[in-house]
Amino acid sequence: MENIPLYDPLRREPSPLDVIFKPTSVAVIGAKDDPGSVGRTVVSNLLASFEGKIYPVNPKRQEVLGLKCYPSVEAIGEPVDLAVIATPAATVLNVVKSCARAKVGGLIVLSAGFKELGEEGLKLEQELVEAARAAKMPLIGPNCLGVANPLFGLNATFAKGEPFSGDIAFISQSGAMCTAVLDWSLQEGVGFSSFVSIGSMADVGWGDLIRYFGRDGKTKSVLLYMETVGEARRFLSAAREVALGKPIIVIKGGKTEESARACASHTGSLAGSDRVFNAALKRCGVMRVDTIGELFGLAQALAFQPRPKGPNLSIVTNAGGPSVLATDALVLEGGRVADLSEETMETLNALLPDAWSHANPVDILGDAKRGRYVEVVDLLMNDEDNNGVLVILTPQDMTDPLGTATDLRHLSKSDKPLLTSWMGGGAVESSRHLLSQSKIPNYPYPDEAAKIFSKMWRYQENLNLLYETPTANALEQHPERLLEAKERGEELINRVLAEGRTLLDEWESKELLALWGIPVVITKPAKTPEEAVKRAEEIGYPSCVKLLSHTITHKTDVGGVKLNLNDAEEVYDAFMQIQNSVPAEDFLGVTVQKMVKLKGYELIMGSSHDVQFGPILLFGTGGSLVEVFKDTSLSLPPLNSTLAEMMLKETKIYTALEGFRGEKRVDLPQLSEMMVRFSDMILAHPRIKESDINPLIVSHEGITALDARVVLFSEEEPLIQSAIRPYPYHYSWKKRLKNGEDVQIRPIRPEDEPALVAYHQKLSEESIKQRFLEPVSLEKRVSHERLIGICCNDYDREWALVVEKDEEIIGVARITRLLDEKKARLKMMVLDSYQGQGLGRLLLEKLIFVAKSEGVKEIDAIALAENRAMAKLAKDLGFERNEREGDLVTYHLSC
């Protein structure tokens, strides 16, 4: 049964990466006996715990550590799931080709000396990846430490030490970071479901591993040490899929320019903008931390405790100083000290000595024994205004650290997070161990614990906001208008490129904005001073005159803007002044526009391109001092109303936009819609390299773009695709049913959640049974947690089509890629009142068309054997029927 689509049991098919993480046989190519050699350490680590077959490979050895050694992997003569390659870089390509001939399942290349050394190394790396992919052998590395799966007894690394078993998947781009973390984890008792050094990511990347561990039932959280993103779209796609069900936490180097250069020299890849990286993480629900301690501390808290429903924390302590530090850390990280209710305060006054703090933090005094601790913590956990509790204990003479820890164990499964900080050394060591065993996170310092709580809240709040149901955009409700805007915009852009230009002038830039429904001030070009006067009189005074140029982008910098012109003489003089202020070859005339009387705030809305993530959107305080105030937020397109609102709230100007000191509140929904339209425009025209609307005047009376600038990529420059695939408007059709009713078939949108709820309310029990293969309650089917997975499609991975009639959804069908991305699974359901109208066939035909367009080669569907309608439809469309155990059948189509 499918409750939440991300974890449909029917989708847990074997993964191509199983041969790397769960092999039954391993060949170590480059195995040696030499003390201190990589080959020896790998074989030794495998011998320590691996129960499968181990095959050392080295033509110069007869035996390695007591095992028979083979001259080549082909000489083994037995199936090999995994080959670990530890030979010089110059030999690796031939080794990979040998593995291909031996039909090895997967590869780990430990060897260094590839793209991190420059062009020659990059070419060699590309050749070995081509050879591996041709043989369908997934490859981890090169330049990596290896892979360990403690739960499977696999340690195919050259690290010193054996990782403990646990439920954390740790993936690192740095092998040295892996060894440091491993050493730290052995000291702290932290265990792993898998421990991966990913190296240069020549083949297997972040996205592959995140998706793999997202579907691994033994993994509860995924931790990443990252230096470069690699394939941004695959990373974000996998992270968006997994983050709803499992926390993904990242620590990344390259925040400063200096460290970014170090990352580039280390990995051979560009690190990109750190600020853009943060925006990308926020967009996919991934949490970033700054230290290794925070990385594992947050993972432990999210794995052991429920996520807080708000930012309010109560702090219980037997010492004042530590609670002050905790309070500072909490507030600086975005949390709040909870306001205790009157009822709670009265109960605390009755429970505690008169000298208690009478406020939160709740200082229960240095003589507090275990009973006082437990009574207070119990009380605060039940306070409705409180979202979590931090318990601080300092080992004073009358304190019972172990007894207090014992008495708190019953709260480990509360619906609010409980964090602890038992401060000290040996006196509290056994207590900390007991708390960890009871799944109550413990931190050595209270400020660290408070910071972790705030990060837990920010993580949950960001997920809540990301998947809040947005409102529908007026333009997006009519795909034909969007397609028309795109077509006309492309004509304009192509005309500019045909003239050998990459800069749209102001008049052209505003024309493009107007196509996408963004209000612009009326602007008219003029090539002579007489024509400028005529345009000004047509538009009306006071007017504004600006430089018209195909080469100068910032007009103010060269004196190319003249404001508040009240008559013909002033317009004439303004024209001449602008003409005389720039070289003749840069002057094409001026544009004339009416001075806008709209009193409001000057904002900026713009776009640029990041080397890793492609188009990036910017919003914030605009005007001539935009670089001084630096009050802007960034996001990845596409936007919807919810994401636009998130961008707004990240700026300081948002407080003023809401209404400040008697000023009226601006039309924030309209502003959000303009941001969504701007986002649509940027994605529809990938030739736009950078753009800005500055100033965008916003007030309670309306919104107007006063100035605009658009720069294009030249036809010779390569385009960088967007990191998140935009809504596929081209998969929209208008059709007529057998009963004569007209319907629209289109891809699903996040805004469709309310319509889906209404759709499910009308379904019969029989339709539900046929779709879900067993009865499923309405409450489960329409839960927000489930529907966000249905409506928020990653259009590189899944495509759901809805059939809409008069804004009512009457049918839904979806295909989802499997781990083998050439294969996909189909699901479909039609409202009972529309069955028999040819709608199912229509939906399935369009879905097959989408699948073929997206490169899917095989489609399967699982249905009840009794479902005759599905059987007939599948047969008519060429599906093969395969019987399964029980009452299920599988239908298969080769595209």
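Per chain, residue numbering runs from 1 following the sequence as it is written. Predicted model: local features are reported for residues with pLDDT of at least 70 only, side-chain atom pairs are reported and counted for 80 or more only, and whole-chain, interface and lining totals are derived from all residues. To get the side-chain values, all heavy atoms of the structure are used, and hydrogens and water are removed first.

Peer 1: I would appreciate a short explanation of the overall build of the protein chain in the present structure.
Peer 2: Helix numbering and strand numbering both begin at the N terminus, where a helix is a DSSP run of H or I of at least 4 residues and a strand a DSSP run of E of at least 2. Of the regular secondary structure elements, the protein chain holds 30 helices and 38 strands. Across its three principal directions, the C-alpha atoms of the protein chain cover 95 × 80 × 65 Å. When accessible area is computed with a 1.4 Å probe and restricted to protein chains, residues below 20% of their type maximum are described as buried, those above 50% as exposed, and intermediate ones as partly exposed. Taking all 895 residues of the protein chain together, 58% fall into the buried category. Here, two residues are considered to be in contact whenever any of their heavy atoms come within 4.5 Å of each other. For the protein chain, the share of sequence-separated contacts (at least 6 apart) that also reach a separation of at least 24 residues comes to 71%. In these tables, accessible area is a Shrake-Rupley quantity obtained with a 1.4 Å probe, and a residue counts as shielded only by the protein chains included in the view. Per element, the accessible surface of the protein chain, about 37,400 Å² overall, is 50% carbon and sulfur. Counting 102 positive and 125 negative side-chain charges, the protein chain places the averaged centre of each group 5 Å from the other. Charge convention: Lys and Arg are scored as positive, Asp and Glu as negative, and His as well as the terminal groups of each chain are ignored. In plain terms, the charge of a residue is placed at NZ if it is Lys, CZ if Arg, CG if Asp and CD if Glu.

Peer 1: Explain helix α19 (residues 529-539) here, please?
Peer 2: Each α-helix turn comprises 3.6 residues. Residues three or four places apart therefore point the same way. Taken together, the buried positions of α19 are occupied by Pro529, Ala532, Val533, Ala536 and Ile539. Around the axis of α19, the buried residues are gathered within 130 degrees of arc, so they sit on the same side. For α19, the secondary structure elements touched by its buried residues are β21 (523-526), β22 (543-547), α20 (568-581) and β24 (590-594). Immediately downstream of α19, the backbone of Gly540 shows phi near 110 degrees, a positive value. The arc under discussion is defined with respect to the helix axis, by the directions toward the C-beta atoms.

Peer 1: Is there a simple way to think about the confidence of the model for the protein chain in this case?
Peer 2: The predicted coordinates of low-pLDDT regions are not to be read in fine detail. Confidence along the protein chain averages 90 in pLDDT terms, with 96% of residues attaining 70 or more. The low-confidence segment residues 1-11, where pLDDT is below 50, has 40 contacts with residues more than four positions distant or belonging to other chains. By definition, pLDDT measures how confident the predictor is in each residue, and it falls between 0 and 100. In this model residues 262-271 is a low-confidence stretch, pLDDT under 50, and it forms 29 contacts with partners more than four residues away in sequence or in other chains.

Peer 1: Hey, could you run me through the environment of Ile168 in this one?
Peer 2: Here Ile168 shows up in strand β10 (residues 164-172). With 22 residues separating them in the primary sequence, Ile168 and Val190 have C-alpha atoms 8.6 Å apart. Among all residues touching Ile168, those that are not within four sequence positions of it are Val190, Gly191, Phe192, Ser193, Ser194, Ser221, Leu223, Phe296 and Ala299.

Peer 1: Would you mind going over the sheet that holds strand β34 (residues 808-817) with me for this structure?
Peer 2: Backbone hydrogen bonds are what pair the strands of a sheet, in a parallel or an antiparallel way. If you walk across this open sheet you meet the 8 strands as β31-β32-β33-β34-β35-β36-β38-β37, and the pairing is mixed. At either margin of the open sheet sits one strand with a lone partner, and together these are β31 (733-736) and β37 (880-883). Between one strand and the next, the sheet's axes are offset by a mean angle of 25 degrees, whatever the strand orientation. Pairing analysis gives 4 bridges linking β31 to strand β32 (residues 742-747), with the strands arranged antiparallel. Bridged to Arg736 within β32 is Asp742. Axis definition: a line fitted to C-alpha atoms, limited for helices to the stretch in contact. Angles are taken between N-to-C directions and run from 0 to 180 degrees. Here helix α25 (residues 753-761) sits on the sheet in contact with β34 and β35 (823-830), set at roughly 105 degrees to β34. The strands touched by helix α30 (residues 868-876) within the sheet are β35, β36 (858-864), β37 and β38 (888-894), with β38 carrying the most contacts at an inclination of about 20 degrees. In this analysis, strands are considered paired if DSSP registers two or more bridges between them.

Peer 1: What am I meant to see in the environment of Gly113 here?
Peer 2: Examined against the element boundaries, Gly113 turns out to sit in the loop between β6 (106-109) and α4 (119-134). As a C-alpha pair, Gly113 and Gly366 span 253 residues in sequence and 60 Å in three-dimensional space. In this view, Gly113 contacts Ala89 and Gly121; residues no more than four positions away in its chain are not counted.

Peer 1: For this particular structure, what's the right way to read the packing of aromatic side chains?
Peer 2: A ring pair, where both rings are aromatic, is described by two values, the distance of the centres and the angle of the planes. To pair, rings of Phe, Tyr and Trp, with the six-membered ring standing in for Trp, must have centres within 6.5 Å; the planes then decide the type, stacked if under 30 degrees apart, edge-to-face if over 60, and tilted in the middle. By the definition in use, this model includes 16 aromatic pairs. Centroid distance Phe170 to Phe296: 5.8 Å. Interplanar angle 35 degrees. Geometry classified as tilted. Placement of the pair is Phe170 in strand β10 and Phe296 in helix α10 (residues 292-304), with a sequence separation of 126 residues. Each of the two residues, Phe170 as well as Phe296, counts as buried. Ring centres of Tyr727 and Tyr729 lie 4.7 Å apart, and the angle between their planes is 65 degrees; this geometry places the pair in the edge-to-face category. Of the two residues, Tyr727 and Tyr729, both sit in the buried class.

Peer 1: How should I be thinking about the sheet that holds strand β23 (residues 561-565) in this particular structure?
Peer 2: What the 4 strands build is an open sheet, ordered β21-β24-β22-β23; its pairing is antiparallel. Either end of the sheet is taken by a strand with one partner, and the two such strands are β21 and β23. Across the sheet, the mean angle separating the axes of adjacent strands is 20 degrees when strand polarity is ignored. Strand direction decides the pairing type here: β22 and β23, joined by 3 bridges, are antiparallel. Of the residues in β23, the one forming a bridge with Lys546 is Val561. Here α20 sits on the sheet in contact with β21, β22, β23 and β24, set at roughly 170 degrees to β23.

Peer 1: Just to check I follow, could you spell out the nonpolar core for this structure?
Peer 2: Soluble globular proteins: nonpolar side chains tend toward being buried together. The term nonpolar core refers to a set of buried residues drawn from Ala, Val, Leu, Ile, Met, Phe, Trp, Tyr and Cys, joined through side-chain atoms within 4.5 Å. Residues Phe170, Leu657, Leu671 and Phe879 are the most contacted members of the largest nonpolar core, which totals 144 residues. The dominant element in this core, judged by the number of residues it contributes, is helix α24 (residues 668-684), at 9 residues. Ranked by size, the runner-up nonpolar core spans 59 residues in total, among them Val64, Val84, Leu154 and Ala279.

Peer 1: Hey, could you run me through the environment of Glu845 in this one?
Peer 2: Structurally, Glu845 is set in helix α29 (residues 839-853). The partly exposed category is assigned to Glu845, whose relative accessible area is 35%.

Peer 1: Would you mind going over the packing of helix α14 (residues 401-408) against helix α15 (residues 429-437) with me for this structure?
Peer 2: Between two packed helices, what matters for the description is the angle formed by their axes and the separation of those axes. Running from N to C, α14 and α15 point in directions that differ by 10 degrees, and their axes come no closer than 8 Å. The orientation of α14 with respect to α15, classified from their angle, is roughly parallel. In this structure, α14 contributes Pro401, Leu402, Ala405 and Thr406 to the contact, and α15 contributes Ser430, Ser431, Leu434 and Leu435. Ten residue types, Ala, Val, Leu, Ile, Met, Phe, Trp, Tyr, Cys and Pro, are classed as nonpolar, four, Asp, Glu, Lys and Arg, as charged, and the remainder, Gly among them, as polar. Here the contact of α14 with α15 is built from residues that sort into 5 nonpolar, 3 polar and no charged. When describing relative orientation, an angle under 35 degrees is termed roughly parallel and one over 145 degrees roughly antiparallel, while 65 to 115 degrees is termed roughly perpendicular and anything else oblique.

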